[in-house]
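Structural description and commentary
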Amino acid sequence: MEKLVESEMKQREESIKQQMKDAKEKAKAGDKEGAIPLFKSVMEQKCLFPGKAKDASKELKKLGVEVGHVFDAPVMDRAQSAKIELS
């Protein structure tokens, strides 16, 4: 089972690396509209690959895209936590 999980994680990491490479190439070539969705896709994987998500966030900022906070701090307020759980 561990080998299966390890294999899947390596495959996902390679996919993320390829997306970053493709997005950077598109951005460099001036294809901003093609690069943005790729960078956003990498950012969506922030739980598994926080380093790559942070890099994608920086690249999006260079392209003029407002990304907000990549990583939110844990919510410690009970009322706010309950509101999050309801949504």
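Before reading on, note that the structure itself is shown above.
These lines cover the structure that appears in this document, whether it is placed above or below. (Residues numbered from 1 in each chain as written. Predicted model: local features only at pLDDT ≥ 70, side-chain atom pairs only at ≥ 80, totals over all residues. Heavy atoms only, no water.)

Compared with the 39 Å implied by 1.5 Å per residue over 27 residues, the 39 Å span of helix 1 (residues 2–28) between its first and last C-alpha is a close match. Buried within helix 1 are the following residues: I16, M20 and A23. Looking at the buried residues of helix 1, the elements they touch are helix 2 (32–43) and helix 3 (50–62). Of the residues one or two after helix 1, G30 is the one with positive phi, at around 95°. (Helix = DSSP H or I, 4+ residues; strand = E, 2+ residues; numbered from the N terminus. Expected span 1.5 Å × (residues − 1). Buried < 20%, exposed > 50% of the residue type's maximum accessible area, 1.4 Å probe, protein only. Contact = heavy atoms within 4.5 Å.)

Attention now moves to the nonpolar core. Of all hydrophobic cores here, the largest spans 14 residues; its most connected members are F39, A56 and L60. Only helix 1, helix 2 and helix 3 provide two or more residues apiece to this core. Tallying contributions element by element places helix 2 first for this core, with five residues. Not counting chain neighbours up to four residues away, the residues in contact with F39 comprise M20, A23, K24, A27, A56, E59, L60 and L63. (Core = buried A, V, L, I, M, F, W, Y, C linked by side-chain atoms within 4.5 Å.)

Relative to the helices and strands, E59 resides in helix 3. With residues up to four places along the chain from it excluded, the contact list for E59 reads K24 and F39.

Helix length check: helix 3, at 13 residues, gives a terminal C-alpha distance of 19 Å against a target of 18 Å (1.5 Å per residue), a fit within 8%. Among the residues making up helix 3, those that are buried are A53, A56, S57, E59 and L60. Projected onto a plane normal to the axis of helix 3, the buried residues spread over an arc of 165° and lie on a single side. Opposite the buried face of helix 3, by more than 90 degrees, sit the exposed residues K61 and K62. Looking at the buried positions of helix 3, the neighbouring elements they touch are helix 1 and helix 2. Phi turns positive one or two residues past the end of helix 3, at G64, with a value near 85°. (Arc of directions from axis to C-beta.)

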